[in-house]
Amino acid sequence: MIEKNYRRHFLKSFKSPQFTQYFLELALNYEHTVIAVIEGYFLRKRGPKTDGKAYFYNGVAGKSEQGWEIAVISIVEIESRLYYSLSVQQTPSRPQIKPLKKLAEN
């Protein structure tokens, strides 16, 4: 019976933009400076069958490594240092291209 209830609720649409707007109107203090921020994060993944794993730049290591990259869009209140994430998207991996072999010079 519980599984049927979950399934029924997941079939209903959810108005995420309206929910987010309503929540932000309640949560944000508009007397503070409010900015939008886009930030990228690198997540190290090691499994050989991890879906979406590819080479992305890892700023902490200072080089490209295998893992995931996600982009987060947030609203930030500067004075209170509070932030609210609006969107999180995984960067799609590109097909791996093998480097060409150098041709022998004649």
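A. Spatial organisation of the packing of aromatic side chains. Following the criterion strictly, the structure yields one aromatic pair and no others. Between phenylalanine 23 and tyrosine 84 the ring centres are 5.7 Å apart and the planes differ by 75°, which places this aromatic pair in the edge-to-face class. Taken as a pair, phenylalanine 23 in helix H2 (residues 16–27) and tyrosine 84 in strand S4 (residues 82–90) lie far apart in primary sequence, 61 residues in all. Judged by relative accessible area, phenylalanine 23 falls into the partly exposed class, the value being 38%. Above the ring of tryptophan 68, the side-chain terminus of lysine 45 is found at 4.5 Å from the ring centroid.

B. Structural view of unusual backbone geometry. Its identity is not glycine, yet arginine 81 carries a phi of approximately 60°, on the positive side. Considering the arrangement of structural elements, one finds arginine 81 in the loop between strand S3 (63–77) and S4.

C. View of the environment of glutamate 31. Looking at the secondary structure, you find glutamate 31 in the loop between H2 and strand S1 (34–44). On the basis of relative accessibility, which here comes to 74%, the residue glutamate 31 falls in the exposed class. When the C-alpha atoms of glutamate 31 and glutamate 79 are compared, they prove to be 9.7 Å apart, with 48 residues separating the residues in sequence.

D. Summary view of the pattern of salt bridges. In the structure shown here, the tally under the stated rule is two salt bridges. For the salt bridge of arginine 7 with glutamate 3, the shortest nitrogen-to-oxygen distance reads 3.1 Å. With arginine 7 and glutamate 3 both in helix H1 (residues 2–11) and four residues apart, the pair spans about one turn of that helix. Salt-bridge contacts for glutamate 65 lead to arginine 44; the nearest nitrogen and oxygen are separated by 2.8 Å.

Cut-offs applied
Residues numbered from 1 in each chain as written. Predicted model: local features only at pLDDT ≥ 70, side-chain atom pairs only at ≥ 80, totals over all residues. Heavy atoms only, no water. Phe/Tyr/Trp six-rings, centres within 6.5 Å; stacked < 30°, edge-to-face > 60°. Helix = DSSP H or I, 4+ residues; strand = E, 2+ residues; numbered from the N terminus. Buried < 20%, exposed > 50% of the residue type's maximum accessible area, 1.4 Å probe, protein only. Lys NZ or Arg CZ within 6 Å of the ring centre and 35° of its normal. Salt bridge = Lys/Arg side-chain N within 4 Å of Asp/Glu carboxyl O.

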